[in-house]
Amino acid sequence: MQQTADVIIVGGGVTGLSTAIHLRQLGAGEVLLLERHFVGAGQSHRAAGIVRALVRDTTVAVALAESIEFFSTFSDRFEQGIQVHPAGYLLLSEPDQVQTIQEAIDAATTAGCEARVIDSGEAQQLQPGLREEDETLYVYEPGAIHLDPMPAVQALRRVAEELGVRIIEGCEVGDILIRGGQVVGVESSQGRCEASNLLVATSVWGRPQLQRLGTDVPVYPHRAEMAFFQVPDSDKLQLSCIVTDARSMLYLRPEGDRQMFVGWREGDRIQTTEDLVTEDPDNYQQMAHFATLTDMHRRLAMTLPPMADGFVHRTYACVYDYTPDGMPILERSASVEGLYFAVGFSGGGFSLSPWVGRVMAEFIVQDQRPQQIERFDLARFAEGRTFNWSNVDKASEA
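Before going into details, it helps to say that this report is about the structure given with it. Values in this document were obtained by computation on a predicted structure and should not be read as measured data.

**Focus on the overall build of the protein**
Here comes step 1: What the protein contains, in helices and strands, is 11 helices and 21 strands.
Here comes step 2: Against the 2.2 N^0.38 benchmark of 21 Å for 398 residues, the protein shows a C-alpha radius of gyration of 21 Å, consistent with a compact globule.
Here comes step 3: Overall, the C-alpha framework of the protein stretches about 65 × 45 × 40 Å when taken along its three principal axes.
Here comes step 4: Put simply, the protein has 398 residues, and 58% of those count as buried.
Here comes step 5: Of the contacts made within the protein by residues no fewer than 6 positions apart, 74% connect residues no fewer than 24 positions apart.
Here comes step 6: If you sum the accessible surface of the protein, you get close to 16,000 Å²; carbon and sulfur atoms cover 46% of it.
Here comes step 7: In the protein, 32 positive and 55 negative side-chain charges are present, and the distance between their average locations comes to 3 Å.

This is the structure we're talking about:
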């Protein structure tokens, strides 16, 4: 069955859905979103769902602050239910990170988000059970939030469809069709779809799609592992904040009353592309390895000593689309008119998706690169303009 549209979006994750919504709000005409599985089936449904702005790059902090605002006001704005947990974000860092922390606080403040250094007493009040050491540096961002990613994805879908976006699931895109240097559509498992503008928002699958069109992007597959840990029955511990710990290199978020989602601060562990765990995104073990879980549990007990007696409830893994600086590439093709791409989110796609959707929609509709995304161009890697955004300067061995 042949379909026609003004814009085709390939990829039904949070980036594609957000862009589709913003395109319709900007009056882009007919928007067609193609997803080879079900919406959110890629990285989106494996996201932690954390959104916080304490990073040491003002551009990134502003983008994340916009995302916090978008999700926090979503229900009122679109009259669609979405559960947002205003948990706040607590960073445990080291004394030698004072300058880095101040840069992150300054960036978050410029973005309109409160962030401050707090003492150990306040940290313990915010999150009982934390390790108590005089040398730990505590930083708190009260406005940080977390969401369950799949209900959020479904809410985005409902809004997109209400705005007139056509979504076709089970539709695998094959060739992107080019005529005379201009995008004209795609061949898919459900027939030909025609449009003069196309956005590739397919995460780790985006690089081979773009390579076939003569555009190579430094986006690499990286397998990351996560786990849900259960609090020991004998303990009253409850994780109430989003917590990251520079020493253990873990991040945590609440999961109900008795569990916590635990993942690695991948940016602390990855210094070069040689540190990436390369796996086929269509064929990899989708649960965490035993050795990884053992190390994760040991480190979790460093952050929250009572969790030494906790246990693994369940695990999973995900293959991220990693770039050398951990930030996405938001671009259009230099050789194919009407071809845009948003790839390389490095595990941060959910948190950036509202902002990315808006700026990519503006890019497509206005046919001009928005000033906000100038630094996210492909050329930055060759020109030495990469991002340095983490709120920890250098990984510390635990």
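**Overview of the packing of aromatic side chains**
Here comes step 1: Here the structure, examined in full by the defined rule, presents 12 aromatic pairs.
Here comes step 2: Judged by centre distance (6.3 Å) and plane angle (40°), the rings of Phe-228 and Tyr-316 are tilted. Remark: Tyr-316 occurs in strand β19 (residues 311–322) and Phe-228 occurs in strand β15 (residues 220–230); sequence separation between them is 88 residues.
Here comes step 3: Overall, the relative accessible area of 7% leaves Phe-228 in the buried class.
Here comes step 4: Judged by relative accessible area, Tyr-316 falls into the buried class, the value being 14%.
Here comes step 5: Members of the aromatic cluster, joined through ring pairs, are Phe-70, Phe-71, Phe-74, Phe-78 and Phe-350.
Here comes step 6: One cation-aromatic arrangement involves Arg-269 over Trp-264; the distance from NZ or CZ to the ring centre is 4.0 Å.
Here comes step 7: Arg-314 extends its terminal NZ or CZ atom over the ring of Phe-228, reaching a point 3.8 Å from the ring centre.

Calculation notes
- Residues numbered from 1 in each chain as written.
- Predicted model: local features only at pLDDT ≥ 70, side-chain atom pairs only at ≥ 80, totals over all residues.
- Heavy atoms only, no water.
- Helix = DSSP H or I, 4+ residues; strand = E, 2+ residues; numbered from the N terminus.
- Rg over C-alpha atoms; globule rule 2.2 N^0.38 Å.
- Buried < 20%, exposed > 50% of the residue type's maximum accessible area, 1.4 Å probe, protein only.
- Contact = heavy atoms within 4.5 Å.
- Areas by Shrake-Rupley, 256 points an atom, 1.4 Å probe, with all protein chains shown as cover.
- Lys, Arg positive; Asp, Glu negative; His and termini not counted.
- Charge placed at Lys NZ, Arg CZ, Asp CG, Glu CD.
- Phe/Tyr/Trp six-rings, centres within 6.5 Å; stacked < 30°, edge-to-face > 60°.
- Lys NZ or Arg CZ within 6 Å of the ring centre and 35° of its normal.

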